Structures are given as C-alpha cells and as structure tokens.
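Next come the chains, spelled out residue by residue.
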Amino acid sequence: MTLHDAAGRDRLELAATLDAKLESLDLAGRLALAAELGHAVFTTSLGIEDQVISAAIGTHRLPIEVSTLETGRLFQETVDLIGETEERYGIDIRRFRPEQDDVDAYAAQYGLNGFYDSVEARHACCHVRKLKPLAKALAGADVWVTGLRRGQSGNRATTPFAEYDAERNLIKINPLADWDIDTINAHVERQAIPVNPLHKRGYPSIGCEPCTRAIKPGEPERAGRWWWENDEKRECGLHVPENAAQPVAEPVPQAS
Ligand code: SF4
C-alpha cells in the first residue's frame, strides 16, 4: 500500500513515526524524506523561512512541487521575488489565484477592504483569496511541506516536524520547526539566498500588503499581521482547521 492509498488512520500513525525520524535529519534530508512519501507540495509565501526551503529544493533538485498563493493583494516586492527565486534556483513556482467571481462577490458584500471591519469579514477575505486557492494547490497531494517554525508565535510553539492534517487528509511536514530566527538569518547569509527586502524594513512576517505592518522593537514576529485585531492567536486559516481556532468564514455568494 502506498501513502496515496493509505487511509486517514494509517497516515495519522505514519506522521507520529515520521516526527522522530525527521528530528535526526538535516534540512535536505528532511525534504528528501518528505518527497519519498508521495506527491509532495511546498506552499511558499516567499517569506524568509520559505526561501530557505525553496533554495534547498532547487539546490538538491528534489521532486517537490513549489506553489504560491497569489492573492492579488501582495506587496510588489513579494511578487518580484517569485520570478527571482525561479530564476536563481531553476524551479517553477506554480501561482494559484482567487476566482474573480469570488473576489467580486466579496467586494459587493463587504467592500474591497472590508476585512478591517470585522473578524468575520477578514476570514471571508482570506477564505476567498487564500483558502480556496490553497485547496487547488494541494489537490492530489499526499504531503504538504510548510515553513512553519515554533519561534514564529505562541500559536506555533508546539509545531511538530510531521503531523496529520485530518481536514485535508495530508501529512504535513514542517522541516524548519526547530530552527530559530538567528539560525535562519545565518543560513540565508551563508548561502546568499534572495529574500524579501521588506524583512530589513521591519517586516519579519509578510502577508498581504493591506494586512501587514512593520513591527516595533520587542514585538513578536507576527505582531504586524492583522494588527488591528486583538486575538493574539490570529491566523489566516491556512494552518488551523477552518472550524477550530477561529470563526468560520461565511460562504461568499457567487456573483450573478
Ligand atoms: S491577508 Fe488580508 S487581503 Fe489577504 S486574504 Fe487575508 S484579509 Fe484578504
């Protein structure tokens, strides 16, 4: 039986076994193991951690598909980095964009920037611009590789190397779970990995332009994401079940 045919229970057990195994490997080894499991997809936000992973995939020619969610609201610096990374590492980064009908329907219901008005409106926007494209990016995948790190926020402090994502029936591999930001910075410097210039301007974590601000000295790494909301565990829903840590976005009516 291959991982592709494995039932959820088998994938759950496999994730527990993998977690210990991954801990003993270096980054390239962790990614190689992820690729051996089945069809592996890495979703990059072009953030500094994700650039480390893209560089390793390209340098070691690993059979891992690289995808990004082009939300339509990204910083120009982020969009520019997609092409630069492809060229530097000889990889193709697949772009997944929101459906125009969904975007139009969202704007009609909430306003283009309605995400500032309520948590519900914000989740509805992330649903249209991120979660639906993510579902397409992960369609047919057995393994989802991410750049999550324990040091990014309290919400991510217990990130394992491998976990079973029951909602998507995937094994999620987080090969940088135990890397701290100093290790990331030193690695990027050593390997001359291209990174988003916004990092040097006070943006350790970069999402959509209207929803990301620079952080002040001493603030947590993700304090600049959806800064107007009070919930310290705020996330966009990519890495938490849609019906768990946050309100479920109301389905956005299709434009007629
Ligand atoms: S981060 Fe902001 S602009 Fe981007 S999808 Fe979420 S609410 Fe919309």
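Residues numbered from 1 in each chain as written. Predicted model: local features only at pLDDT ≥ 70, side-chain atom pairs only at ≥ 80, totals over all residues. Heavy atoms only, no water.

Trainee: Sorry if this is basic, but what is going on with the confidence of the model for the protein chain here?
Mentor: Averaged over the protein chain, the pLDDT score is 90; the fraction of residues at 70 or greater is 90%. Below a pLDDT of 50 lies the segment residues 244–256, which in the model reaches 29 contacts outside its immediate sequence neighbourhood of four places, other chains included. (pLDDT = per-residue confidence, 0-100. Contact = heavy atoms within 4.5 Å.)

Trainee: Explanation requested: the pairing of strand β3 (residues 93–96) in the structure shown.
Mentor: Here is the key point about a regular strand: its side chains alternate between the two faces of the sheet. For strand β2 (residues 64–69) and β3, the ladder comprises four bridges, and the chain directions are parallel. Within β3, the position partnered with Ser67 by the bridge is Arg94. A crossover connection joins β2 to the parallel β3 through helix α4 (residues 76–89); in handedness this β-α-β unit is right-handed. (Pairing = 2+ DSSP bridges. Helix = DSSP H or I, 4+ residues; strand = E, 2+ residues; numbered from the N terminus. Right-handed = clockwise from strand over helix to strand, strands pointing away.)

Trainee: Sorry, what's going on with the pattern of salt bridges here?
Mentor: Two side chains that carry opposite charge are able to pair once their charged atoms sit near each other. This structure, assessed with the given rule, holds 13 salt bridges. Glu65 is paired through a salt bridge with Arg94; the nearest N and O atoms lie 2.9 Å apart. In this pair, Glu65 is assigned in strand β2 and Arg94 in strand β3, connecting sequence segments 29 residues apart. Glu77 is the partner of Arg201 in a salt bridge, and the nearest nitrogen-oxygen pair spans 3.3 Å. Taken together, the positions of Arg201 in the segment after α7 (181–191) and Glu77 in helix α4 put the pair 124 residues apart, joining distant regions of the chain. For Glu77, a relative accessible area of 23% puts it in the partly exposed group. A single salt-bridge network, built from bridges that share partners, covers Glu49, Arg149 and Glu221. (Salt bridge = Lys/Arg side-chain N within 4 Å of Asp/Glu carboxyl O. Buried < 20%, exposed > 50% of the residue type's maximum accessible area, 1.4 Å probe, protein only.)

Trainee: In this structure, what is going on with the site of the ligand? I would like to understand it.
Mentor: Taken together, the residues surrounding the ligand are Arg73, Phe115, Arg122, Cys125, Cys126, Arg129, Lys130, Cys208, Cys211 and Trp226. Its residues placed into classes, the shell around the ligand shows six nonpolar, no polar and four charged. (Near = heavy atom within 4 Å. Nonpolar A, V, L, I, M, F, W, Y, C, P; charged D, E, K, R; others polar.)

Trainee: Quick question: what am I supposed to make of helix α3 (residues 48–59) here?
Mentor: For an α-helix the count is 3.6 residues per turn, leaving residues at separations of three or four pointing the same way. Here α3 contains 12 residues, and its C-alpha end-to-end distance of 16 Å stays within 8% of the 16 Å for a straight helix at 1.5 Å per residue. Counted residue by residue, α3 has 11 buried out of 12 residues, so it is predominantly covered. Every buried residue of α3 is listed here: Ile48, Glu49, Asp50, Gln51, Val52, Ile53, Ser54, Ala55, Ala56, Ile57 and Gly58. Packed against the buried residues of α3 are α2 (27–37), β1 (40–44), β2, α4, β4 (143–145) and α7. Trailing α3 by a residue or two, Arg61 shows a phi angle of about 50°, which is positive. (Expected span 1.5 Å × (residues − 1).)

Trainee: How should I be thinking about the packing of aromatic side chains in this particular structure?
Mentor: Remark: the centre distance and the inter-plane angle together describe each pair of aromatic rings, the angle taken between the planes. This model, assessed by the stated rule, comprises seven aromatic pairs. On the numbers, 6.3 Å between centres and 35° between planes, the contact of Phe115 with Trp228 is tilted. Within this pair, whereas Phe115 is found in the loop between α5 (100–110) and α6 (119–137), its partner Trp228 is found in the segment after α7, the two being separated by 113 residues in sequence. According to the relative accessible area criterion, Phe115 is buried, its value standing at 2%. Residue classification places Trp228 among the partly exposed residues on the basis of a relative accessible area of 23%. Here the aromatic cluster, defined as three or more aromatic residues joined through ring pairs, consists of Phe115, Tyr116, Trp227 and Trp228. Positioned over the ring face of Trp226 is Arg122, at 4.1 Å from the centre of the ring. For the cation-ring pair, Arg150 lies above Phe161, with the distance from its terminal atom to the ring centre recorded as 4.9 Å. (Phe/Tyr/Trp six-rings, centres within 6.5 Å; stacked < 30°, edge-to-face > 60°. Lys NZ or Arg CZ within 6 Å of the ring centre and 35° of its normal.)

Trainee: It is not clear to me how the side chain of Thr159 should be interpreted in this structure. Could you clarify?
Mentor: If you trace the backbone, Thr159 turns up in the loop between β4 and β5 (162–165). Here Arg156 takes part through its backbone oxygen, which lies 2.6 Å from a polar atom of the side chain of Thr159. Excluding anything up to four places from it in sequence, Thr159 contacts Leu148, Arg149, Arg150, Asn174 and Ala177. (Polar contact = N/O pair within 3.5 Å; in protein donor to acceptor, adjacent residues only side chain to side chain.)

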